[in-house]
Amino acid sequence: MKMRSSVAIAGIAVLALFGTACGKDGSPEAKTPGGTGGGTAGAPGATKPELPSYTAKEGVALTGSKTFDNAKKRGKLIVGVKADQPFLGSKDPATGKYSGFDIEITKMIAADLGFAPDKIEYKEIASTNRENELVNGTVDYYVGTYSITDKRKQQVSFAGPYYIAGQSLLVRKNENAITGKDTIKGKTVCSAKGSTPLQNLQNNFPDTTTRVFDTYSLCVESLLSNQVDAVSTDDAILKGYAAKDPGALKVVGEPFTTENYGVGLNKDDAVFRNAVTDALENHEKNGDWLKAYNATLGLSGSAAPAIPALVRS
Ligand code: GLU
């Protein structure tokens, strides 16, 4: 957690560099992830961080991977994502285009498997349906704030971690009573079905009432309409909502869990998992990871953290 506060200072420097004005309490002005347009322009002359570009590898062969063979046959990848998480996985309703850090991760992997970004079909999948879709093979892989847990590993496998988040709290801007996890007793807190933060609330906060929806954007709507007192999930997700609506929302307290984000995979395809891990390693080493972070998730207010070590076992 020490690292988080030190990078926060660096974050202010990065934001200043990109001309992002800070609100009264230090929350950044709303911006749109790179690539979708329509964001706040920033100060005149400010440089907007650019997304990496990816070149699909040629002649990729993954002997023994059923997932890869199926994708090759159909001529495209089908990837599960989130569509309502700003700066992570977000679908522009006007253009139908997806953007965000998780979307960049899907493109990095696709490129090394031999698929250009236009050969990816995105499928929006809610937290609670991830394991089922991966077990049934309806998606080739899943990238959407998906925490690696032992329980999930009984059904699916993961490549990663590629990012570390932590459970946090989002409240209305005028909320003074909720300042962190120790102040949610007697409060109603919203989270998503099938998520680790919901599980944590229900297991470890017996005096807190939970409200459950399929998506976090529905939780945010109920927060804004005074139906719940807070929304709880990963800080990375909550900071995005706050950055999009800094006049109405704020993230409070310190993160109180560790969420290792992994790429969700079918459990039976070790060859494919190896190739996805190789792809993550390649794009972390060549600078694409950092470039993608700065042009997406970095815009919601935190400078790039250290890249976590990949686990191959
Ligand atoms: N990372 C947590 C999880 O996988 C929360 C975010 C989400 O639901 O996608 O459950």
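Below is a summary of the structure that appears in this document. (Residues numbered from 1 in each chain as written. Predicted model: local features only at pLDDT ≥ 70, side-chain atom pairs only at ≥ 80, totals over all residues. Heavy atoms only, no water.)

## Overview of unusual backbone geometry
So, point 1. The omega torsion across Gly160 and Pro161 is 0 degrees, close enough to zero to call that bond cis.
So, point 2. With respect to the helices and strands, the residue Pro161 is situated in strand 7 (residues 156-165).
So, point 3. In this structure, Thr145 takes a positive phi of about 45 degrees despite not being glycine.
So, point 4. Take Thr145: it is sitting in the loop between strand 6 (141-142) and helix 5 (150-153).
So, point 5. The buried category is assigned to Thr145, whose relative accessible area is 4%.
So, point 6. For Asn226, which is not glycine, the phi dihedral falls at a positive 65 degrees.
So, point 7. As for its position among the elements, Asn226 is in the loop between helix 7 (216-224) and strand 11 (230-234). (Helix = DSSP H or I, 4+ residues; strand = E, 2+ residues; numbered from the N terminus. Buried < 20%, exposed > 50% of the residue type's maximum accessible area, 1.4 Å probe, protein only.)

## Things to note about the sheet that holds strand 11
So, point 1. An order of 10-9-11-8-12 is seen for the five strands of this open sheet, with the pairing classed as mixed. A single partner strand is all that each edge strand has here, and the edge strands are strand 10 (209-213) and strand 12 (249-252). Within this sheet the neighbouring strands show an average axis-to-axis angle of 35 degrees, counted without direction.
So, point 2. Where strand 8 (residues 167-172) and strand 12 come together, four bridges link them in antiparallel fashion. Looking across to strand 12, one finds that Leu169 is bridged to Val252. (Pairing = 2+ DSSP bridges. Axes fitted to C-alpha atoms, helices over the stretch in contact; angles between N-to-C directions.)

## Some words on the site of the ligand
So, point 1. Neighbouring residues of the ligand: 17 residues in total, closest Ser127, Thr145, Ser147, Tyr216 and Asp234.
So, point 2. Between the ligand and the protein, one listed contact pairs an oxygen atom with a side-chain N or O atom of Lys82 at 2.7 Å.
So, point 3. Here an oxygen atom of the ligand sits 2.6 Å away from a polar atom, N or O, in the side chain of Ser127.
So, point 4. Contact with the protein chains removes 100% of the 280 Å² of surface that the ligand exposes when unbound.
So, point 5. If you list the elements that add at least two residues to the shell around the ligand, you get helix 6 (196-204), strand 11 and strand 13 (259-266). (Near = heavy atom within 4 Å. Polar contact = N/O pair within 3.5 Å; in protein donor to acceptor, adjacent residues only side chain to side chain. Areas by Shrake-Rupley, 256 points an atom, 1.4 Å probe, with all protein chains shown as cover.)

## Focus: the state of the cysteines
So, point 1. In this structure the tally under the stated criterion is one disulfide.
So, point 2. Here Cys190 engages in a disulfide with Cys219; their sulfurs sit 2.1 Å apart. Across the S-S bond linking Cys190 and Cys219, the dihedral sits near -70 degrees, which makes this disulfide left-handed. Here Cys190, found in strand 9 (residues 188-192), pairs with Cys219, found in helix 7; they are 29 residues apart in sequence, far enough to count as distant. With respect to burial, Cys190 and Cys219 carry one shared label: buried. (Disulfide = S-S within 2.5 Å.)

## A word on the pairing of strand 7
So, point 1. Of all 10 residues that make up strand 7, nine are buried, and the element is covered over most of its length.
So, point 2. Strand direction decides the pairing type here: strand 7 and strand 13, joined by seven bridges, are antiparallel. When the bridges of strand 13 are listed, Ile164 appears paired with Asn260.

## Describing the side chain of Glu259
So, point 1. Structurally, the position occupied by Glu259 is in strand 13.
So, point 2. It is Arg152 that comes nearest to the buried, bridge-free Glu259 among opposite-charge side chains, at 5.9 Å.
So, point 3. Among the polar contacts made by the side chain of Glu259, one reaches the side chain of Thr196 at a distance of 2.8 Å.
So, point 4. A polar atom in the side chain of Glu259 sits 2.7 Å from the side chain of Thr257. (Lys, Arg positive; Asp, Glu negative; His and termini not counted. Salt bridge = Lys/Arg side-chain N within 4 Å of Asp/Glu carboxyl O.)

## Describing the environment of Val252
So, point 1. Position of Val252 among the secondary structure elements: in strand 12.
So, point 2. Owing to a relative accessible area of 11%, Val252 belongs among the buried residues under this scheme.

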